[in-house]
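Fold and contact review
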Amino acid sequence: MATGSGQSRLWHPFANMAEVKDDKFVVDRAEGVWLYDRDGKRYLDGTAGLWYCNVGHGRTEIVDAVAEQMRRLDNYFTFNDYSNEPAEELARRLSGLAPMDEAKIFLTTGGGESIDTAAKLARLYWARRGEPERTHLISRRQSYHGTNGLGTSIAGIEGNRDGFGPLVAEATRVAYDDAEELRAAIERIGAEKVAAFFAEPVIGAGGARPPEPGYLEAVAKICAENDVLFIADSVIGGFGRLGGWFGVERWGLRPDMITFAKGVTSGYLPLGGVAVSARVSDVFWEAPGAPFMHGPTYSGHPSVAAAALANLDILERENLLARSRELEKPLHDALLRLADHSAVAEVRGGTGLIGAVEIEADVLAGDKGLITRMQKAVRERGAIVRVLCGNALVVSPPLTITEAELTLLADTIEAGINAALTA
């Protein structure tokens, strides 16, 4: 859908602007699990935006909470000794929900900032402990950790690293499904040089890949044995997406740090953060203490914190964390009906409200645009899905979706695939 008269000046993330500038899909409004374009046509939001709209669109409780807060105190910074009550209350509440003792909450404006905050904090922690040589960061292939400096350096999707010149050298990527490769990497680098290991509980942008049974428990144990900080990247998996508050509870994990964003406000306003265990925070919070010389301007923004608090209320009141666990099998079952399709290589899901339909490599061979045409054909038929890794159609719907709408989503994906193949 065109944007109207005149050439667009909006530069879109992850977009080939030579193509996008004249061919845009303009979302006009949203309600519940539905989006509407400017012609009034509706589309099932099969991705909850970019993984974030967990409570669905148009929740007036969040809008009202933000408006009320803005009338009282729109914003003021939290550097040094400045604070505000919404940020304090949000930190208290998140600390109580985090699967760690005495969690401290460092607030950011998004997932990428949260990753860089955690990485810098990990390195500084070891320096404050008298081990400044522990700077190496380990992550997994196929992982996504935002697009800031350190997040780009540890990215496991090579396309997100290419072309930017030299990145942080002290970074290593290991297999996403082999814990022993992590052990081998730590031994090769030397545990005395490794600061932290980053892992998404379920790999998101790298293709919606649930962990192999026992994998997360194994890497957490390896980190503990080698005194390496374990950082869970729950930017996608938190606040119900995987059925828990921070996405790691179902595996019994107690990370040293957890990065979060997206579902903490259901995307209504930009917010992220890092939950930091007492082990790490005590170096900075207890005497003699030391400042962490880092922080975004809008850390602890009171109006954004108000949105988060209202969002947490909805998640609790409507029991949406349990609902996510209830719906993960129906979503997977609905998608599994496509597993026998001649163009489908694999269907992934069953761990949280996330799923992927991967297309056969030989079907895509020689036609790089086919997967995008499939995505657009699904959209033309009334549902939004995402293309990830150049070969998969991925879904992560709002937690408020119904089973009937999950079936509709799968049916529409199948119809879009068929339409693109026969066009």
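Here, the structure is the one placed above.
Definitions and limits used
- Residues numbered from 1 in each chain as written.
- Predicted model: local features only at pLDDT ≥ 70, side-chain atom pairs only at ≥ 80, totals over all residues.
- Heavy atoms only, no water.
- Salt bridge = Lys/Arg side-chain N within 4 Å of Asp/Glu carboxyl O.
- Buried < 20%, exposed > 50% of the residue type's maximum accessible area, 1.4 Å probe, protein only.
- Helix = DSSP H or I, 4+ residues; strand = E, 2+ residues; numbered from the N terminus.
- 1 Å grid on protein atoms, 1.4 Å probe; cavity = no way out; pocket = protein on both sides within 12 Å on 5 of 7 lines; lining within 4 Å.
- Points joined across faces, edges and corners; volume = space filled by probe spheres on them.
- Expected span 1.5 Å × (residues − 1).
- Bend = angle between axes of the 7 residues up to and from the residue.
- Contact = heavy atoms within 4.5 Å.
- Axes fitted to C-alpha atoms, helices over the stretch in contact; angles between N-to-C directions.
- Parallel < 35°, antiparallel > 145°, perpendicular 65-115°, else oblique.
- Left-handed = near helix turned anticlockwise from the far one by under 90°.
- Nonpolar A, V, L, I, M, F, W, Y, C, P; charged D, E, K, R; others polar.
- Polar contact = N/O pair within 3.5 Å; in protein donor to acceptor, adjacent residues only side chain to side chain.

Focus on the pattern of salt bridges
Under the criterion given, the structure shown has 25 salt bridges. A salt bridge links Glu61 to Arg59; the shortest N-O distance between them is 3.8 Å. Owing to a relative accessible area of 13%, Arg59 belongs among the buried residues under this scheme. In this structure, Glu61 engages Arg317 in a salt bridge whose closest nitrogen and oxygen atoms are separated by 2.8 Å. Residue Glu61 is found in helix H3 (residues 60-72), and its partner Arg317 is found in helix H10 (residues 302-317); the two are separated by 256 residues along the sequence. One salt-bridge network, held together by shared partners, links Arg59, Glu61, Arg317 and Glu318.

Here's the deal with the layout of surface pockets
Considered as a void within the structure, the second largest pocket measures approximately 1000 Å³ in volume. Together, 30 residues line the second largest pocket, and Thr78, Asn80, Ile105, Phe106 and Trp285 are the ones closest to its centre. Secondary structure elements with two or more residues in the lining of the second largest pocket: helix H4 (85-97), strand E4 (104-108) and helix H9 (278-285).

Let's talk about helix H11 (residues 320-336)
Over its 17 residues, H11 runs 24 Å from end to end, which matches the ideal 24 Å to within 8%, given 1.5 Å per residue. In the structure, H11 departs most strongly from a straight axis at Leu327, where the bend amounts to approximately 35 degrees and where the proline Pro330 lies between one and four residues downstream. Among all positions in H11, only Leu320, Leu321, Ser324, Leu327, Glu328, Pro330, Leu331, His332, Ala334 and Leu335 are buried. Against the buried residues of H11 lie H10, strand E11 (344-348), strand E12 (355-359), strand E15 (392-395) and helix H14 (403-422).

Digging into the packing of H3 against H10
Taken N-terminus to C-terminus, the directions of H3 and H10 make an angle of 150 degrees; their axes are 8 Å apart at the nearest point. With respect to their mutual orientation, H3 and H10 come out roughly antiparallel. Regarding H3 and H10, the two cross each other, and that crossing is right-handed. Residues Glu61, Ile62, Ala65, Val66, Gln69 and Met70 of H3 lie in contact with H10, whose contacting residues are Pro302, Ser303, Ala306, Ala307, Ala310, Asn311, Ile314 and Arg317. In terms of residue class, the contact of H3 with H10 is made up of 9 nonpolar, 3 polar and 2 charged.

Describing H4
With 13 residues, H4 ought to run about 18 Å at 1.5 Å a step, and its terminal C-alpha atoms sit 18 Å apart, in line with that. The set of residues buried in H4 consists of Pro86, Ala87, Leu90, Ala91, Arg93, Leu94, Ser95 and Leu97. Tucked inside the fold, the buried residues of H4 contact H3, E4, strand E9 (257-260) and H10. Sitting at the amino-terminal end of H4 is Asn84, which places a side-chain oxygen 2.9 Å from the backbone nitrogen of Ala87.

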